[in-house]
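# Fold and contact review
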Amino acid sequence: MAPRLRPQNGQYWLAILPGEFIDLPREEAERKAAATQAEWPHAFARIAVGPDELLAEYDSNHIHGVYGNYVDELTWVARMLGIPYRVFA
């Protein structure tokens, strides 16, 4: 699960990316981490949306990943705050 609150055109919106954390071989994970920012923590996930669709709408270089399925809770928060949201599933 990877939620991210993002500003867009002067208004916040919530991106919700349900997914599954995956383990990569150590060398591959270190290589991928070094290609971005080696000092930051990294997690790797499998998500249902393709890269073209994700990159067309999700304009951030990182996410906030959490274990568990919080899609319902996050959509309720967005509704209560009156902000748009998108579940990338």
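Structure's up top.
Quick caveat: nothing in here was measured; it's all calculated off a predicted structure.

## Things to note about the pattern of salt bridges
Per the stated rule, a full pass over the model turns up four salt bridges. In this structure, Glu-53 and Arg-86 form a salt bridge, with 2.3 Å as the shortest nitrogen-oxygen distance. In this pair, Glu-53 is assigned in helix H2 (residues 51–57) and Arg-86 in strand E5 (residues 85–87), connecting sequence segments 33 residues apart. Between Glu-57 and Arg-86 there is a salt bridge, and its shortest N-O distance comes to 2.5 Å. On the criterion of sequence distance, the pair formed by Glu-57 in helix H2 and Arg-86 in strand E5 is long-range, its members being 29 residues apart. Looking at Glu-57, the relative accessible area reads 33%, which means it is partly exposed.

## A word on the environment of Leu-14
One can find Leu-14 in strand E2 (residues 11–17). Spatially, the C-alpha atoms of Leu-14 and Arg-4 are 5.8 Å apart, while their sequence positions differ by ten residues. Dropping the residues within four chain positions of it, Leu-14 is found in contact with Arg-4, Leu-5, Leu-74, Ala-78, Ile-83, Pro-84, Tyr-85 and Arg-86.

## So, the nonpolar core
Counting residues in hydrophobic clusters, the biggest one holds seven residues: Trp-13, Ala-15, Leu-17, Val-49, Leu-54, Tyr-58 and Phe-88. Tallying contributions element by element places E2 first for this core, with three residues. Contacts of Tyr-58, omitting those with residues within four sequence positions, involve Arg-4, Ala-15, Leu-17 and Ile-63. Formed by six residues, the second largest nonpolar core is a distinct cluster that contains Ile-16, Val-71, Leu-74 and Ile-83.

## Notes on unusual backbone geometry
The phi dihedral of Asn-9 is positive, around 55 degrees, even though this residue is not glycine. Looking at where Asn-9 falls in the secondary structure, it is placed in the loop between strand E1 (2–8) and E2. Overall, the relative accessible area of 79% leaves Asn-9 in the exposed class.

What counts, and at which threshold
Residues numbered from 1 in each chain as written. Predicted model: local features only at pLDDT ≥ 70, side-chain atom pairs only at ≥ 80, totals over all residues. Heavy atoms only, no water. Salt bridge = Lys/Arg side-chain N within 4 Å of Asp/Glu carboxyl O. Helix = DSSP H or I, 4+ residues; strand = E, 2+ residues; numbered from the N terminus. Buried < 20%, exposed > 50% of the residue type's maximum accessible area, 1.4 Å probe, protein only. Contact = heavy atoms within 4.5 Å. Core = buried A, V, L, I, M, F, W, Y, C linked by side-chain atoms within 4.5 Å.

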